[in-house]
Structures are given as structure tokens and as C-alpha cells.
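The primary structure of each chain is shown beneath.
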Protein chains: 2
Amino acid sequence: MSTTPRSPSLPDAAPDDGGFDPQAVDRAILRRRAFNLRWAEQPPDVIPLTAADPDLPCPPAVRRAIVEYAAGGSFAYGPAAGLPRFRAAVADHLRDRRDTPARPDDVLATDSAASALFLVARALLAPGDEVVIFDPVDFLFAASTEAAGGVVRRVPFTRGGGLDLDRLKAAIGPRTRIIALCNPHNPFGRIMRREALEAVAALAEARDLIILSDEIWADIAYDGPCPSVAALDRATSRRTVVVGGFSKTYGLAGLRIGYIRTDDPALFARIFAASHAEKTAYGAATLSQIAAAAALRDGQPWYRAFLKHLRGVRDRLCDRLDALDGLRCPRPEATYLACPRIERADLSAEALTARLLEHARVAVVPGAARWFGPGAEGHIRLAFATARPIVDEALDRIESAWPRILSP
Amino acid sequence: MSTTPRSPSLPDAAPDDGGFDPQAVDRAILRRRAFNLRWAEQPPDVIPLTAADPDLPCPPAVRRAIVEYAAGGSFAYGPAAGLPRFRAAVADHLRDRRDTPARPDDVLATDSAASALFLVARALLAPGDEVVIFDPVDFLFAASTEAAGGVVRRVPFTRGGGLDLDRLKAAIGPRTRIIALCNPHNPFGRIMRREALEAVAALAEARDLIILSDEIWADIAYDGPCPSVAALDRATSRRTVVVGGFSKTYGLAGLRIGYIRTDDPALFARIFAASHAEKTAYGAATLSQIAAAAALRDGQPWYRAFLKHLRGVRDRLCDRLDALDGLRCPRPEATYLACPRIERADLSAEALTARLLEHARVAVVPGAARWFGPGAEGHIRLAFATARPIVDEALDRIESAWPRILSP
């Protein structure tokens, strides 16, 4: 998954990086375009390592596909569940690269993975139904559950040991409908191992639960592919709803494109009906689907070069943060999120975030309950999908401000 | 609104039509791209006059804006309520061309007008709350109300007299929250006059109701601008939520882009919160917003040429349908929808639709309760935003099949 064998007949050819350029961060464009706590929403001297969204431009193959489609001039109504080209590209991707059973009919185009999580909750939960989620984990799991009138039960997810299965078992009650996995895990960057997934699958089978597997980070994995719970066996695949997107791997957050995959036709029908897509009230822009399909079909050389770049940035960033007095920053196995733990009792995540902004002019996300649940307290999160000079500049600033940050 | 004065210094210049080409219907592209009962979903020999979606390509200015934006390479997260450029373009459009009070902050980007209607219902209705809607009217009003747990009360909307105010008054009860206008009216193509709007506004004021004004057709008006209820006075503006889109006037249905306008900040906040846009779970693709803003800012010459073209098609289509034995087809004042009434008791709308498909290979929408409410019975609807040769071909086929259609 990480590298492709070179063609033996072209030993001297340059490696095909799909046009990936590790320096191609254009701050002027980002100041106009990158919202959600990033460049367009920060003072000009601040480096934002906030929302998980790359500073690097998207694959050239994606831009080419957009231009080619726009030349056709027609932006008529697309099909309610998604363009055939999109659904086929996602199904191929899941089957060929993620070992996940998927036919085009199993794929629903959604306007982002976030929207997909809200849709799944609305489709599958009655008021009072419970969803077991990790603590900490991305805020969208709790937000989508609560928007649907559901109740979250949090199970600790530790950086060292992953999921605590006894606690998971204890959290499942008569109203539990869904176990929600975030794999790879945001914010800790850990991958759930096959054994853990098997244990979750056995529990879901025993209690007849849906497994919601948010795999938006699955392709940003540094030590080989991240296994999917849907790939375990046929029965588990049937009860697993996979959610994916294109914002993390390909930088298409603004195009609002994601998907839901379920190979249970009845489950698909429930989710599709709840979406109101058939009434044209839900769905993804056709042009965004074209862009995403091109990313999966033609963006793989770019993706491999991007992943290699990220590995280098990860190592440098985590090692330098880890060397700071009072911070412990292990390298994530996956994601471009560093999530150092603060080892000083007198320094809260909110205080460190505020001081990093004030003294280093670097914006990060605090490990606050509102973002990740109570289990994130004592951590901050930094997103590092940017050019090395920008990360270096941020690290230089943090290191030089560190004494003032510790003793303000 | 219909024509622009020519520059006196260029008396011999060709009229600026913004690149509008009345022949530029590419059936090969439409067969791949036009879904929702249209070319891509019909047998190859069928002419679809079904969903209200133009066969003609979108303004060249829109394509140029898409290509230019894509060249920037960044599709980062947009702002939750919409891009500043989009919100300003919509506010300017509403203020300058529709006399409607609107600042950029009053505009929320939505992924289609349909999605906007569902959002407004979800935001403003509690289960059991009532919405007064027209009968007939586009199915989205009932569908969005019912999806939110609300109840619709239908008030007859006649082709001749428009809205029956006594019936409207009688339909308002203690649980009524919203009066929903479709102005111009789909499927009848009528415009509500200022006096009717004033009467609705007075009722809304007396009973403290929200007015939901779906104005997606407002710019396709053949005899001068369609007045907006939001333009009446300040108090009415405050209680009016305007919904608009870009699918009808500019052919951007596939880009999923529309908007909600309310100049009541508390109402805006309620709708915004219900959308979950701030959690990235709702919104319009930035590229779609760029396209829509370009349509409003740079697509006006194209729009005027398109409207002129539609007037000619309307006249020919309605006059030829009206000449058929058993059909009465007045010309719509607005929209590109013809809605002939069937004057034969033995011919239902569903039967006529089936026979038009079988004998003339022309697809239309039946005036069925599921599409428009019971008040549409005895009508069919034909969308005519296409090239004249295609309309002529459809009319030739219908005329030649008409004897068999009447006596199968």
C-alpha cells in the first residue's frame, strides 16, 4: 500500500509521484480558502495546525477531471444514490485496497463523512437508543447521536492498549443499537488490530448490534494497511456500515464528498430512505463525485508520494515535541494528527492551547471534552499535513517560546 | 429585467448573449448526465419533458469560474454558513433584482433548494405543528413538512384565481406555524400578485406565522419581475424565510447549491443550528458556491438570452398543446412548465402520461397526488427548457399520436 514496484523496463525513470509537490503550499490561496479554524480564520502571523485538512493542493488528476467535466457544460440532476462512476470507484477501492466486500449498489454518495455519520444516526436510532463510542474520539460521533435523539455511552480508548473490551461489554445495554469505531483513531492515531476487531464483531453478533466503522483515516496509515472490521467475515460485513471520505487523503473537504457502504440491502434502503435523496433533498454534487472518483482511480501515485511526505513530517514533528519538557508525543501509526500528552499537572489543555497561540503564534486544538470527550483532557492535537518548512517554523517557534509557555 | 440597454458607442455590436446558444443541446452528454426521470433514465428514443432541469448547458461564465477556481488546487473546508463571495452575490441579487432586504449575513448556503426546504421544516416545526401549503404544489412542501413530523393543511390554488384567501384563513389553526408560498407557482406557472401577497402578510402578522417563500422560479418570469412577499415591508421581511436555488435559471441542479435568506438574526440562528453546518455536517460544496456566485455576477447576459428563448418555446408549445382536442394549455406567466388540463372525463393524468410514453415516446409528469397533491388531478406537466427542434419533435410526435392516445 505504501509503494509501488517500479517498472523494470524503465529503471532510470523518475519515480511517478502523480505531480505531488511537497513545497506547494500557497499561503495566499489558503488565506482565502481554508476555513474551519485554519488560515482564513486566523490572524496572518499564526500557523494553524488545527482542523485535519491538508495545506497541500489536491492531486492534479482531480483538477483535470473537474476541468474536463465542466467543459461538458451540463450539471443536470445526478442519480439519487450517486453517479455510477463514483459508486463503482468507491466499490473498487474498498474491494481492491481494503478487502471490504462492496458492489456499486452498496455505496451511497454523501456530502461528506460528517453528513454520513449524521445520516446513519438519524436512520438507525430511535429517541433513547444508545450508541457505544470511544473516549476520546472525534466529536462527530456524540454530536450525530445526540442530534438523532440518541444517547452515547463512552468506553475508554487508551493510547497504549486501545479498546478495553471488558468496559465495552459493560457499556452495552438493552437500548444499545450501534458500536461506533473510529479506525484509525482520531485523535490518537492508533489502528485497531485484527484481534480487537474480532472481539468487537463477536460482541456485535452476540447482541445483534450494528457496527459503524468510520474509516475516513484508513489510507493514512504508515506501517501497512489499516484492517477494516467489514473485512473480517461475511456476517460481520453485513452488520457493518462503513463511512469514508475524501477530505483527509485527497484534500477535498470543501467539495463535501463522502460515502456510506453497507452490503445489507435492507440496511441500505433504511439509510437511503432517511436521507431523502430520492426527493433531491440530499446527496453530493456531481462535480464533487467526479473529483472523488478521479482521486481513487488516477490519484494513487500522488497519494503514495503524499503518504511518504507525511511520514517524514510525522517523525520530525513528534520527535521534536516529545523532546520538550512536560510533553510526551508518540508517533501516530496513522492519521496526520499528533496528540501529545501534557505531563504537568498545572498546565491544562486549554491553557497550553492559549499559550501556544499567544507566545508561539501556533494554533492547535485543545483536548477538550467538547471536541473529543472527557478522555482527551491533558492532550492537545496538531494536524501536520503541510510543507516541511511550515512545520519547522511552527516547531522553532514552539521551542523558542517553550520556557515562557511553561512559566508565563 | 428582460433586456439591457446597448452601449451607444457600439451600435453595430452583436447583442451580448453571454454565450447562450439555443441549439446547444448535446444529447450524448445528457444521456450520461441527466438523471431524475430525464435522458439518462429513459429509453434512447424517448424525449423527456419531465424534471424541471434545462437541457441547455449552463452559462460559459459558470464554467470559466469553475476552471479558474480548480486551478488554485485547494479545496479546503469552506466557512460553515457559506463563502463570503457566495453570500454577497446572493444578497446583492436579492436586494438589487428582487427588492428584498438582504445582507451577506442573512444568507445561508444550502446544498439545493430542496435541502433548504427540509432544513427549514426541521428547524421550525415541532411534531404536530401545521404548515399551510397550496394544492396543487410541488411535492417538496408536503415531504419536508412530514419528514419533520409536521402536518400539512392544503388550500386550493386555482389556475384562474390564484389563492383563495377565505380558505387560507380557515386552514390556519392554533398549531399552524408556517404559510408556505411557491411563487411563481409550480406546476401552474402563475405569479402571486402584490395584493395576494399583502393579504398573506396581513394574515401572517395577525396570527404570528412564519412565511416560507420558495422563489426558486422567480427569475423565469415572462412579463416582468415576480414580486416577493419579503419585499412588501420590514415586518413582513422579518417573518419571511426565502428559499432560492440555481437549478432552474442556470441549470446547476447537479451542483447542489441553493440558499436560505432570513433577515431575522434569531431565525437565522435557529435554522443554522438545526443544519449542523457548524459541525461540518451540512453545507454546499465551495466549488458549487463559486459556480453559483459566477452565475449571479457574470451570467446575466446569458440569462436574458435564455429567458427570451424560453418565451418563444413556451408560446409554441402551449399553443400547439392547447389546439389538441381535449387539452387546455394556457401559457404560464412564469416557469418553464406547461400544465395542460385534460378535458375528457375518461382520460386520467396517469393514463395520458402512459399513452404519451407508449404512442409518442414523450415522457411527462402526471398531475398525480404524489407529485403535487390532489389538486393536480386531471393535469400533466411538461418541462420545456430545451432546444426548439426537440420541442418541435415532441409536439410532432404528440400531434401525430393524438388520435391513438384518445382512442387507444
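What counts as what
- Residues numbered from 1 in each chain as written.
- Chains lettered and ligands numbered in written order.
- Predicted model: local features only at pLDDT ≥ 70, side-chain atom pairs only at ≥ 80, totals over all residues.
- Helix = DSSP H or I, 4+ residues; strand = E, 2+ residues; numbered from the N terminus.
- Rg over C-alpha atoms; globule rule 2.2 N^0.38 Å.
- Contact = placed C-beta atoms within 7 Å.
- Pairing = 2+ DSSP bridges.
- Axes fitted to C-alpha atoms, helices over the stretch in contact; angles between N-to-C directions.
- Buried ≥ 20, exposed ≤ 12 C-beta atoms within 10 Å, placed from the backbone.
- Core = buried A, V, L, I, M, F, W, Y, C linked by C-beta atoms within 7 Å.
- Expected span 1.5 Å × (residues − 1).
- Least-squares fit on C-alpha atoms with pLDDT ≥ 70 in both.

Peer 1: Explain the overall build of chain A here, please?
Peer 2: Helix and strand counts for chain A come out as 15 helices and 15 strands. Against the compact-globule benchmark of 22 Å for 408 residues, chain A has a radius of gyration of 21 Å, which places it among compact chains. The principal-axis extents of the C-alpha atoms in chain A amount to approximately 60 × 55 × 45 Å. The contacts in chain A between residues at least 6 apart in sequence include a share of 72% that link residues at least 24 apart.

Peer 1: Can you walk me through the sheet that holds strand β8 (residues 240-245) of chain B in this structure?
Peer 2: Pairing between the strands of a sheet is mediated by backbone hydrogen bonds and can be parallel or antiparallel. Residue and element names in this part refer to chain B. Reading across the sheet, the eight strands line up as β2-β9-β8-β7-β6-β3-β4-β5 and stay open at both edges, with mixed pairing between neighbours. A strand with exactly one partner marks an edge of an open sheet, and here the two such strands are β2 (107-110) and β5 (162-163). Bridge analysis of strand β6 (residues 176-182) against strand β7 (residues 210-214) gives five bridges, and the strand direction is parallel. Among the inter-strand pairings, cysteine 182 is bridged to a residue of β7, identified as aspartate 214. Against the sheet, helix α7 (residues 194-207) makes contact with β5, β6 and β7, and its axis sits at roughly 165 degrees relative to β6, the strand it touches most.

Peer 1: Looking at this model, I keep getting lost on the sheet that holds strand β15 (residues 380-383) of chain A. Mind explaining?
Peer 2: Residue and element names in this part refer to chain A. Spatial ordering of the open sheet is given by β11-β15-β14, a layout of three strands whose pairing is antiparallel. Here the strands that pair on one side only, and so sit at the sheet edges, are β11 (337-338) and β14 (365-366). As paired elements, β11 and β15 share two bridges and run antiparallel to each other. Across the sheet, alanine 338 pairs through a bridge with leucine 382, a residue of β15.

Peer 1: How should the environment of Ile211(B) be read in this particular structure?
Peer 2: Residues and elements named next belong to chain B. Looking at the element boundaries, isoleucine 211 is found in strand β7. Among the residues examined, isoleucine 211 registers 24 C-beta atoms within 10 Å and is labelled buried. Placed 29 residues apart in sequence, isoleucine 211 and threonine 240 show a C-alpha to C-alpha distance of 4.6 Å. Other than its neighbours up to four places away in sequence, isoleucine 211 contacts Ile179, Leu181, Val200, Ala204, Val229, Arg239 and Thr240.

Peer 1: Is there a simple way to think about the pairing of strand β9 (residues 258-261) of chain B in this case?
Peer 2: Taken residue by residue, a regular strand's side chains alternate between the two faces of the sheet. All names here are of chain B. Both faces of β9 are covered, namely the face carrying Gly258 and Ile260 and the face carrying Tyr259 and Arg261. Here β2 runs beside β9; their pairing, made up of four bridges, is antiparallel. Counted as the bridge partner of alanine 109 is tyrosine 259 from β9. When β8 meets β9, the two strands line up antiparallel, connected through four bridges. Bridged to glycine 245 within β9 is glycine 258.

Peer 1: I'm lost on the nonpolar core in this one. Help?
Peer 2: Generally speaking, a soluble globular protein has its nonpolar side chains buried in company with each other. Core analysis: the largest hydrophobic core is formed by 298 residues, its most contacted members being Val120(A), Leu252(A), Ala291(A), Val120(B), Leu252(B) and Ala291(B). In this structure Val120(B) touches Leu212(B), Val241(B), Val243(B), Ile260(B) and Ile271(B), once residues within four positions along its chain are discounted.

Peer 1: Is there a simple way to think about helix α4 (residues 113-124) of chain A in this case?
Peer 2: The periodicity of an α-helix, 3.6 residues per turn, causes residues three or four places apart in sequence to face the same way. All names here are of chain A. For α4, which comprises 12 residues, the first-to-last C-alpha distance of 16 Å matches the rise-based estimate of 16 Å (1.5 Å per residue) to within 8%. For α4, a buried count of 10 out of 12 residues is recorded, marking the element as mostly surrounded by other parts of the structure. Three or more residues of α4 are buried, namely Ala113, Ala114, Ser115, Ala116, Leu117, Phe118, Leu119, Val120, Ala121 and Leu124.

Peer 1: Could you clarify how one ought to interpret the relation of the copies chain A and chain B in this entry?
Peer 2: Both copies of the chain are placed relative to one another by a rotation about an axis and a shift along it. Rotating chain A by 180 degrees about the axis while translating it 0.0 Å along that axis superimposes it on chain B, leaving an RMSD of 0.0 Å. One copy is carried onto the other by what is essentially a two-fold rotation axis. Taking the C-alpha atom as reference, chain A places Val67(A) closest to the rotation axis, 2.8 Å from it. Most of the interface of chain A is mirrored in chain B, where 100% of its interface residues are also at the interface.

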